Structures are given as C-alpha cells and as structure tokens.
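# Close look at the chain arrangement
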Amino acid sequence: MDLGLYIISGFIVGAIVGITGVGGGALMTPLLILFFGIPPAIAVGTDLLYASITKSLGASVHAKKGHVSWRFVFLLACGSISSTIMTIYVVSFYDFSMEATAGVIKSTLGFVLILTAITIIFRNTLRQAANKYLNMGYHAAPAKWIILTGACLGVLIYLSSSGAGSLGMTALMILAPSLSITKLVGTDIAHAVPVTLVAGLAYAFNDSVDWGLLIILLTGSLPGIWLGSQVSHRIPEPLLKTLLAVVLLIIGGKIFY
C-alpha cells in the first residue's frame, strides 16, 4: 500500500468537495477501483463510511449556522434509509459470486456517474423544467414525493456509494425551490450522513470495509476539505463543475462499458 498516493488522493478529492460541494463518492470510489485496483465491494463499503465521517463534520457546521432544514432531512431519510435496509435484505437472499457482485456494483456506479455528470451540467434546466411540469412555483413538493425521492437515492447510494451529493442537491432544488443555496447544501449533507452510515455498516458487517485504507483517506481528505472551503470563493465554480462533469462522464463511461 503506497501511503503517500492514498493520502494525496484523499486530499485532492477532499479539496474538490470543499470547493464544489460535490464529487466525494463520485470520484473516490472509481479512483479506488480503477487506479488502485481495490475490489468494487470494498471500494464502495470503505467510501460509504468515509463519506459518513467527512459529511458529519460538514453537517455539524451547517447545523450550528442554521443551514439545515430538518423536515426535509427527515422525509428524505425516511425513504433512503428504508430503501437501503430493504436493498440489504433483498441482496442477502442471493448468493452472488465475487464476479457478479463486482459487475452489479460497477454497472450501477457507471450509471450513477453519468447521471451525476448530467445533473451537474443541466441542474438549473432540470429544476426549471420540473417546476413547470409540476406547477409547484415556490411551494415544496408533497411529502410522499420527497420520501419517494429519498428511496431512489438510498438504493443508488448503497449499490454505488455515489449520488448523495449532486443527485441529492438536484432533487432538493426541485423539491424545495424556496430553500436558499446554503440551506440546500446543508440539508443535502445532513441527509447523506445517516444513509451512508447505515449502508457502510452493512458492508462492514460483510467484511467489505478496509479500515486501514479508511483512516489513511481521512488523513488526506480532512485537510483537503478545509483548504477547499477556504479558497472556494476565489475559483470560478462554473468552470470547476464543468470540468468535474466531463471527468465523471469519462470515468462513468469507462466503468459502465
């Protein structure tokens, strides 16, 4: 294990998350699989707990500043945690081989990365189209739609460790158009904490978490997140998000195909 490369990778991913608010699971998991050759199940399981720990720190900061809508966190979590537990239960009935498990995870991950890239590029367009179609104006969506959205996110997060960031943000922008951008970010991060923790613990129960790797990644990512947050206002966010979307499209296509 090359400690230096893992720490540097954690730092870079952490910095990108600090600057753009997205890209944690979408970058870390494929990086572990494609660059470091980590088995897909272990990469996803390790990244889920990694996300839960890092985002809990961000959530606490946002909560202290009043940037979390706990109603939306609760409704999304009702759907996401329930669907995650249900997915764990269903998967437990099937005796997948290592090859089959890797195939399912990689296909789901590739799909989520491509979907994430699309939402990054067309986030505002998707929001306007959805609001026009649903005719919500600035009213929040009904609770059942929020719970259903959380349920969809829960399945994707468990199978790929991705989707809690950009997909969650896009969903919140559509479901809660009246929330400010700071509350959108804080609510999205706060919701990601419990669902990634539940999913990550399920992988840990099946010995699919590399604890040593988790500690090393955190060693690099926490300073990276702090630095990224400090310089985020000095870097053109549209440019960074466009580059991130292009990278995710390339990586998603490589994994998916």
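A brief structural summary. (Residues numbered from 1 in each chain as written. Predicted model: local features only at pLDDT ≥ 70, side-chain atom pairs only at ≥ 80, totals over all residues. Heavy atoms only, no water.)

For threonine 170, the location among the structural elements is in helix H8 (residues 166–175). Spatially, the C-alpha atoms of threonine 170 and threonine 119 are 6.7 Å apart, while their sequence positions differ by 51 residues. If near-sequence neighbours (up to four positions away) are discounted, threonine 170 is found in contact with Thr119, Arg123 and Leu126. (Helix = DSSP H or I, 4+ residues; strand = E, 2+ residues; numbered from the N terminus. Contact = heavy atoms within 4.5 Å.)

Another point: the side chain of histidine 191. Tracing the chain through its elements places histidine 191 in helix H9 (residues 181–205). In this structure histidine 191 comes out as buried when scored by relative accessible area, which is 2%. In contact with histidine 191, other than residues within four places in its own chain, are Val73, Leu76, Ala77, Ser80 and Leu153. (Buried < 20%, exposed > 50% of the residue type's maximum accessible area, 1.4 Å probe, protein only.)

Here the structure, examined in full by the defined rule, presents three aromatic pairs. Look at tyrosine 6 and phenylalanine 36: their rings are 4.2 Å apart centre to centre, the planes differ by 25°, and that puts the pair in the stacked class. Within this pair, whereas tyrosine 6 is found in helix H1 (residues 3–20), its partner phenylalanine 36 is found in the loop between helix H2 (24–35) and helix H3 (40–64), the two being separated by 30 residues in sequence. Under the relative-accessibility criterion, phenylalanine 36 is labelled buried at 18%. On the basis of an interplanar angle of 90° and a centroid distance of 4.9 Å, the ring pair of phenylalanine 35 and phenylalanine 36 is categorised as edge-to-face. Take phenylalanine 35: its relative accessible area is 55%, and that puts it in the exposed class. One aromatic cluster is present, formed by Tyr6, Phe35 and Phe36 through successive ring pairs. Directly above the ring of phenylalanine 72 sits arginine 71, whose terminal nitrogen or CZ lies 5.4 Å from the centroid. (Phe/Tyr/Trp six-rings, centres within 6.5 Å; stacked < 30°, edge-to-face > 60°. Lys NZ or Arg CZ within 6 Å of the ring centre and 35° of its normal.)

Direction vectors running N to C along helix H7 (residues 143–160) and H9 enclose 45°, while the axes themselves pass 10 Å from each other. In this view, H7 runs oblique relative to H9, as classed from their interaxial angle. Where H7 crosses over H9, the handedness of that crossing is right-handed. Seen from H7, the contacting residues are Leu153, Gly154, Ile157, Tyr158 and Leu159; seen from H9, they are His191, Val195, Thr196, Ala199, Ala202 and Tyr203. Looking at the contact of H7 with H9 residue by residue, the class counts come to eight nonpolar, three polar and no charged. (Axes fitted to C-alpha atoms, helices over the stretch in contact; angles between N-to-C directions. Parallel < 35°, antiparallel > 145°, perpendicular 65-115°, else oblique. Left-handed = near helix turned anticlockwise from the far one by under 90°. Nonpolar A, V, L, I, M, F, W, Y, C, P; charged D, E, K, R; others polar.)

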